[in-house]
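Fold and contact review
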Amino acid sequence: MNIHEYQGKEILKSFGVRVQEGIVAETPEQAVEAAKKMKEDFNSDWVVVKAQIHAGGRGKGGGVKLAKNLDEVRQKASEIIGMQLVTPQTGPEGKKVNKVLIAQDVYYPGESETKEFYMSVLLDRAKGRNIIMYSTEGGMDIEEVAAKTPHLIFKEEIDPKVGLQGFQARKIAFNLGLSGAAQKEMVKFVTALYKAYESIDASLFEINPVLKTSDDKVLAVDAKVNLDENALFRHPDLAALRDITEEDPTEVEAGESNLNYVKLDGNVGCMVNGAGLAMATMDIIKLAGGEPANFLDVGGTANAETVKAGFNIILKDPNVKAILINIFGGIVRCDRVAQGVIDAYNEIGNIPVPIIVRLQGTNAEEAKKLIDESGLQVYSAILLKEAAELVTKVLEGK
């Protein structure tokens, strides 16, 4: 589950991670009031107006602006709130900005130069261990650093038996070229950051940039925090941070029906029970000359209600030219699924695209008979090869 920057910073702060302070605003008027409060707290007229969307690269897309007085705060907030922000991570359609973070200016002058670093905490799936990935080259172009100068990116592997050790935090600070007070600050920062990562069952922390200020403080200027959805039952307070306006509406609707759905760009809708079978079904569609329009796993207990919900979600995609239902009847009986398809079809009414139903397993023959005798525009198959041939047939007929 993704959360906003301001939410991620609040979590980090609760674990002792120093962050760039800020106040959320949903209107230009609220932004001005937030800037006044920042002036009281930090004695600076300068603030940063930052778009709050679930995507990185906001600065490149014009979603992060410096404001030097209240008039500029109002102007920048007016420009950003409501805009369709396009970044390298949003796709060409972009995302609508509903709120901004009025953030403290932390690039103030002082005894030493400011310095930006990159740091993330994530799971290395190949090794089965968490790693801290970091670089001296922080800022907006970390992707370019990774592509062109990978030797500037360091990794520190964490042994799960003992956790992050003090020498590892000191090694990170040393590799970042820090010394004195700044080195001690970085050790504290890394230690608190890793504790937060483990404590909230996160799947990713990405802090870009981590800033060493001119007075040798170390803080998170940005915070991308992703949470493991499978662990949210342990963190109801974190589950409440979900912002469904940032998610695909169809995927939200699918989740409410306990369906695992991911929209794709193809022309054949799929409805399958089991993630592995769903992946195989997508391969079959491609081999048959089509392109999968979605990944949709209805789970192991498909029935009329789940089939109906699946139909409604798939049919919201105007690109869908056919629907392939592929069910393996292990726990569930195929004839019950077939009856569910027929009932759902009758309840929805006219479905404008052909439907291919492949049922295999318990009572597969009875299921095929039900489909064939239903009188509906539904093609039945038992073998996966037959289903693929039917997909080719209906697509060529379009």
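Computed from a prediction, not measured in an experiment: that's the story for all the values here. (Residues numbered from 1 in each chain as written. Predicted model: local features only at pLDDT ≥ 70, side-chain atom pairs only at ≥ 80, totals over all residues. Heavy atoms only, no water.)

**Focus: unusual backbone geometry**
Omega for the peptide link from N208 to P209 comes to 10°, which places this bond in the cis form. As for its position among the elements, P209 is in strand β10 (residues 202-212). With phi around 55°, N43 is a residue other than glycine that occupies positive phi space. Residue D216 is not a glycine yet carries a positive backbone phi of 65°. Here D216 is to be found in the loop between β10 and β11 (218-220). Classification of D216 as partly exposed rests on a relative accessible area of 25%. (Helix = DSSP H or I, 4+ residues; strand = E, 2+ residues; numbered from the N terminus. Buried < 20%, exposed > 50% of the residue type's maximum accessible area, 1.4 Å probe, protein only.)

**Quick notes on the nonpolar core**
L12, M119, I132, M186, F189, L193 and F205 are the most contacted members of the largest nonpolar core, which has 39 residues in total. Looking at this core, the elements with two or more residues in it are α1 (5-14), β7 (115-124), β8 (129-135), α5 (166-175), α6 (180-199), β10, β11 and β12 (224-227). Broken down by element, the residue count for this core peaks at 9 residues, all from α6. If you look at the next biggest cluster of nonpolar residues, it comprises 33 residues, including A254, V307, I313 and I342. (Core = buried A, V, L, I, M, F, W, Y, C linked by side-chain atoms within 4.5 Å.)

**Considering the UniProt feature "binding site: Mg(2+)" (unreviewed entry) in the chain**
UniProt's entry tags N208 and D222 with the feature "binding site: Mg(2+)" (unreviewed entry), counted in the numbering of this structure. Relative to the helices and strands, N208 resides in strand β10. Overall, the relative accessible area of 16% leaves N208 in the buried class. A distance of 2.6 Å separates a polar atom in the side chain of N208 from the backbone oxygen of G139. Assignment of secondary structure puts D222 in the loop between β11 and β12. Those residues within four positions of D222 in sequence are excluded, and the remaining contacts are E5, K9, K50, R58, I207, N208 and P209. (UniProt positions renumbered as here; feature names shortened; annotations may be inferred. Polar contact = N/O pair within 3.5 Å; in protein donor to acceptor, adjacent residues only side chain to side chain. Contact = heavy atoms within 4.5 Å.)

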